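Residue strings, one per chain:
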Amino acid sequence: MGNIWAAYVSHPDTMPEAETDPTFDPNFGFTKARKPRVMIATEAEMKAVRIPKDLRDYCAHLLLDVEACKRLNFPFIRNCEHEIHTYHKCEYEDYILRMKEFERERRLLERQKRTKERQPIAA
């Protein structure tokens, strides 16, 4: 409820869209360049294993390992607990990173709004 209220009622101009790319430079405010995120699994590998499109994210290479382990150990899928745990940990860390990027975008939008309000109006 809080995010919906902020996005549509109280702060619609400073609330970023959830599924869009950042509008600010990713290195803005950092002294060193940030390490870019890279997809490890290729599209061909994901198609071959028939990974659904909604699971094709930065942790897809670990999902490939999980699926390979399941095929190897079937019907004893419980032997793949380590691979499954590693995949879920990656998904959690990806979620945290996306939330941090969302919050960074929101704060930079608020900063941009404040600096525009402070500038004198040119006549």
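Given the structure is predicted, the values throughout are model-derived calculations rather than measurements.

Summing up its helical and strand segments, the protein has four helices and zero strands in all. In the protein, the succession of α and β elements from N to C terminus is α-α-α-α. On C-alpha atoms alone, the protein measures out to a radius of gyration of 20 Å, which is more than a quarter above the 14 Å that the 2.2 N^0.38 rule sets for 123 residues. Taken over the C-alpha atoms alone, the protein extends approximately 75 × 35 × 25 Å along its principal axes.

A separate point is the UniProt feature "coiled-coil region" (unreviewed entry) in the protein. Per the UniProt record, "coiled-coil region" (unreviewed entry) is annotated on residues 92-119. With 96% helix and 0% strand, the stretch residues 92-119 has end C-alpha atoms that lie 41 Å from each other.

With that settled, the discussion passes to the packing of aromatic side chains. Tallied over the full model, the rule gives zero aromatic pairs. A cation sits over an aromatic face here: Arg 37 above Tyr 58, 3.9 Å from the ring centre.

The geometry of a pair of packed helices is captured by two quantities: the angle between their axes and the separation between those axes. Following both chains from N to C, one finds helix 3 (residues 60-73) and helix 4 (residues 81-118) inclined at 160 degrees, their axes separated by 9 Å at the closest point. One element, helix 3, and the other, helix 4, form an angle in the roughly antiparallel class. In terms of crossing hand, the pair formed by helix 3 and helix 4 is left-handed. Counted together, Leu 62, Leu 63, Asp 65, Val 66, Cys 69 and Lys 70 of helix 3 and Glu 83, Ile 84, Thr 86, Tyr 87 and Cys 90 of helix 4 form the full contact between these two elements.

Considering all chains together, one arrives at two disulfides under this definition. Cys 59 shares a disulfide with Cys 90; S-S distance 2.1 Å. Of note, the bridge from Cys 59 to Cys 90 carries an S-S torsion of about -85 degrees and is left-handed in sense. Of this pair, Cys 59 sits in the loop between helix 2 (43-49) and helix 3 while Cys 90 is found in helix 4, placing the two residues 31 residues apart along the sequence. Cys 90 carries the same exposure label as Cys 59, and that label is buried. At a sulfur-sulfur separation of 2.1 Å, the disulfide partner of Cys 69 is Cys 80.

Cut-offs and rules
Residues numbered from 1 in each chain as written. Predicted model: local features only at pLDDT ≥ 70, side-chain atom pairs only at ≥ 80, totals over all residues. Heavy atoms only, no water. Helix = DSSP H or I, 4+ residues; strand = E, 2+ residues; numbered from the N terminus. Rg over C-alpha atoms; globule rule 2.2 N^0.38 Å. UniProt positions renumbered as here; feature names shortened; annotations may be inferred. Phe/Tyr/Trp six-rings, centres within 6.5 Å; stacked < 30°, edge-to-face > 60°. Lys NZ or Arg CZ within 6 Å of the ring centre and 35° of its normal. Axes fitted to C-alpha atoms, helices over the stretch in contact; angles between N-to-C directions. Parallel < 35°, antiparallel > 145°, perpendicular 65-115°, else oblique. Left-handed = near helix turned anticlockwise from the far one by under 90°. Contact = heavy atoms within 4.5 Å. Disulfide = S-S within 2.5 Å. Buried < 20%, exposed > 50% of the residue type's maximum accessible area, 1.4 Å probe, protein only.

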